[in-house]
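Here is what each chain is made of, one letter per residue.
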Amino acid sequence: MSNKNTRRDFLKVSSIGSLGLVLGVNTLANAAPVKKITAKVLELEINPFIIISTDDTITLVNSRPDMGQGSTQAVPSILAEELEVDLSKVRIIQSDGKAKYGSQQSGGSSTVRGLWNNLRKTGAAAKEMLIETAAKRWKVSIDQCYAEMGKVHLKGSDKVFTYGELAEEANLLEVPKNPKLKDAKDFKYLGKFHKRLDVPSRVTGKAVFGIDVVVPGMLYAASVHAPSIEGKIVSIDDSAALKISGVKKIVRAKSFYSGGENESVAVVATNYWSALKASRLLDIKWSNGDLEKTLNSDKYVADMYKAAESEGIRYEEDGDFNAYYKASENTLEGIYETPFLSHSAIEPVNATAYVKPDGSVEVWAPIQGPDGAIGDAASVLGISPDKVKINATLLGGSFGRKAFMNFMKEAIDISRQVQAPVKLIWAREEDMAQGPYRPAMLSKMQGVIGKGDTLDALSHQAIGESIQGQLWNGLLPYKADGWLGGELAQENHKYKFGTHKVTYSRVETPIPILWWRSVYASNFGWGQECFIDEMAHKAGKDPLTARKELLKDSERDLKVIKKLEDVLATYGALPAGHKRGVAMFRSFETMSAAAVEVKKGENGIEIVKVTSVIDCGQYVNPDHVKAQTEGNIVMGISAAVKGGITFSNGKCDQSNFHDYQFMRMAEMPKVDIHIIENQEAPGGVGEPGLPPIAPALGNAIFNLTGERHRKLPLDLSVV
């Protein structure tokens, strides 16, 4: 893999004195000052930064790896807007994980909302310094100059300087403390449609993903893990595997799962096919202890239903729900269930690692967090973090999986043992059988219909394993999980109930879990939004009207559901035999509402159309927003109707896409997506479109069949 585009080598071949104007900000705080980067400043923690070279090259360090969410287009768009440059002039290099760049985690739909203010401020400061430099040269006032397309112009003349011509002199100026940002009405890029400049390289195969990396002298590895995940190796018969041409070595490697460490067996060969073929000839005996009994999804689900019989740990309560519920006559209750799910990104997890003779290590990998990768890599080898070099590549999908970098750590240990660069690729079967997975969860819902048929009180008891608790042992037994509590809080959903309660019951399991696209929102949106419909029906109200009444004090969210109502009205009356369900859920500071239209077909229920309305505040590119929302609709439907991950007899029952399916192209319904236009702060885009899809489908099926289904996945052929 060529390193010519890395930040480190760019700086190495360019003396700081000849770079021109170099600016950056050292924190992600909105009020962070813009700093001029000199050799001295480069020693500080800087993130993100831009470099305007004397040859007119503009370089941006992208601190958020691109896993398909479009950070390589969105991040430079924010910069280009304030800097007044042609987007095609901006060169992007990926951060290398060093602390000076701050958080480099792609996750939580945070790329745009996390960088929005600081990138704009950095671009605006650079522009002001360039204009001031030009004004001095022309001996005119600053207001007689303006910037456009990477040049500073003198008004009323044909005089012009390129940014490169001004950069070195501009670098001598003080950095403006409060550069003026553009008014939104003057935006050329932000909020506008622009073609993604990275698409051609991806469709032609020129883009380099982790699985494409090749380094000199590289070997390939395929590893086999305990089917029971925590099982211990008893014996290995590798005689048949060693006969495969190209096999160089078979080693025991460090293997990591959510919350623990184990051993795998890795076959190292001169090519991947030999490594994979040989790995399947290994005869490994495993000791599983009592995992055949405890590693069982049916047992875990039964434990959750048992936990539903007891009160959970209180996260939030407004009023005394239990007393009100007990004293009321018009009450209802239901338990909603969601399954374990696999991430199954199209690019399998992989990493290339080289532990060098001097004890340092270099890694090339599709990972969501190069900053966290440094610590992880150092911990495997017991070396100082400054001996770790991370090259974060493009990711061929992830959905949260590649933020847990156990595959990278395993590749490092294999390289250490064979003393050569090694590319480790997990076969699809290993990825699907090992997880970690989206947790299976329950929502115990209770409600009270008050006087005047109002939806007056709601209780949501979240039940299941905690990601924080299992992964980091980070949850005290007397505390509710704050991640899921925050998603279910009244402050998040904005429904104005007279009495409201959120509780949590942790049910532990050895089945490894992790965040999955939209994290807990994908679980609990199902229970919350189906139950709102249940309450509305019991109160004799139209579910959409009931939501408008509950949102009467939240003007912004009320606009979202009204927008959905208005869009649906434009469709006209539903055809005979068609019904529709609605739902809405806020996640990552974005509210998303959806309507799903269904009908009865020859093979059961068919999904005809999905309408989504999303309020993500200000955004970069409407095409990005729609593309992400389309992806969320696909994953939301797949999660609702295509089966889940189950464990029995101590191992995963699914192994590949023949028994763990996603929605096919032919099954894709019509999609209509609308974005709310406003000047609110940016919210997330990559995940919020997903949580309302399953409950909108469940509500549509109820409206069509009169049957309330509370357990996912749904089999549309029989419901």
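Residues numbered from 1 in each chain as written. Predicted model: local features only at pLDDT ≥ 70, side-chain atom pairs only at ≥ 80, totals over all residues. Heavy atoms only, no water.

(A) Up close: the sheet that holds strand E23 (residues 578-587). A sheet is described by the order of its strands in space; here four strands give the open sequence E23-E24-E25-E28, paired in mixed fashion. Each of the sheet's edge strands pairs with one partner strand only, and the pair in question is E23 and strand E28 (670-675). Across the sheet, the mean angle from the axis of one strand to that of its neighbour is 20 degrees, orientation sign disregarded. Together, strand E25 (604-615) and E28 form the strand contacts of helix H19 (residues 622-641), whose direction differs from that of E28 by roughly 135 degrees. (Pairing = 2+ DSSP bridges. Helix = DSSP H or I, 4+ residues; strand = E, 2+ residues; numbered from the N terminus. Axes fitted to C-alpha atoms, helices over the stretch in contact; angles between N-to-C directions. Contact = heavy atoms within 4.5 Å.)

(B) Spotlight on the domain arrangement of the protein. What the domain assignment reports for the protein is domain 1 (43-204), domain 2 (210-291 + 349-425) and domain 3 (297-341 + 437-705). In this structure, domain 2 and domain 3 have C-alpha centres spaced 37 Å apart. Domain 2 puts twelve residues into the contact, and the matching count from domain 3 is 14 residues. Both faces combined, the contact of domain 2 with domain 3 buries some 1,000 Å², and carbon together with sulfur accounts for 67% of it. Together, Ile229, Ser258 and Phe399 form the three largest contributors to the area buried by domain 2 at its contact with domain 3, with a combined 48%. (Domains from an automatic or database assignment. Buried area = accessible area lost by both parts, 1.4 Å probe.)

(C) Examining the UniProt feature "domain: Aldehyde oxidase/xanthine dehydrogenase a/b hammerhead" (unreviewed entry) in the protein more closely. Mapped onto the present numbering, the UniProt feature "domain: Aldehyde oxidase/xanthine dehydrogenase a/b hammerhead" (unreviewed entry) falls on residues 204-290. Helix makes up 9% of residues 204-290 and strand 44%, with an end-to-end C-alpha separation of 50 Å. (UniProt positions renumbered as here; feature names shortened; annotations may be inferred.)

(D) The arrangement of the sheet that holds strand E11 (residues 247-257) in detail. With mixed pairing, the seven strands of this open sheet are ordered in space as E11-E12-E9-E19-E16-E17-E18. Only two strands of the sheet have a single partner each, and these edge strands are E11 and strand E18 (388-392). Ignoring strand direction, the axes of neighbouring strands in this sheet form an average angle of 25 degrees. Note: strand E16 (residues 350-355) against strand E19 (residues 422-425), four bridges, orientation antiparallel. Across the sheet, the residue bridging to threonine 352 is lysine 423, located in E19. Helix-sheet contacts for helix H11 (residues 406-418) involve strand E9 (219-224), E11, strand E12 (260-269), E16, strand E17 (361-365) and E19, and the interaxial angle to E11 is about 140 degrees.

(E) View of the nonpolar core. Grouped together as the largest cluster of nonpolar side chains are 54 residues, with contacts concentrated most on Leu455 and Leu697. What leucine 697 contacts, discounting residues up to four positions off in sequence, is Val596, Val598, Ile607, Ala640, Val641 and Leu714. Counting 48 residues, the second-largest nonpolar core is a separate cluster that includes Leu341, Phe404, Leu484 and Phe524. (Core = buried A, V, L, I, M, F, W, Y, C linked by side-chain atoms within 4.5 Å. Buried < 20%, exposed > 50% of the residue type's maximum accessible area, 1.4 Å probe, protein only.)

(F) Spatial organisation of empty space enclosed by the protein. Applying the stated criterion across every chain, the model contains three cavities of 30 Å³ or more. Of the volumes computed, that of the largest cavity is approximately 80 Å³. The leading source of residues in the lining of the largest cavity is E11, at three residues. Class assignment for the residues of the lining of the largest cavity results in seven nonpolar, six polar and no charged. (1 Å grid on protein atoms, 1.4 Å probe; cavity = no way out; pocket = protein on both sides within 12 Å on 5 of 7 lines; lining within 4 Å. Points joined across faces, edges and corners; volume = space filled by probe spheres on them. Nonpolar A, V, L, I, M, F, W, Y, C, P; charged D, E, K, R; others polar.)

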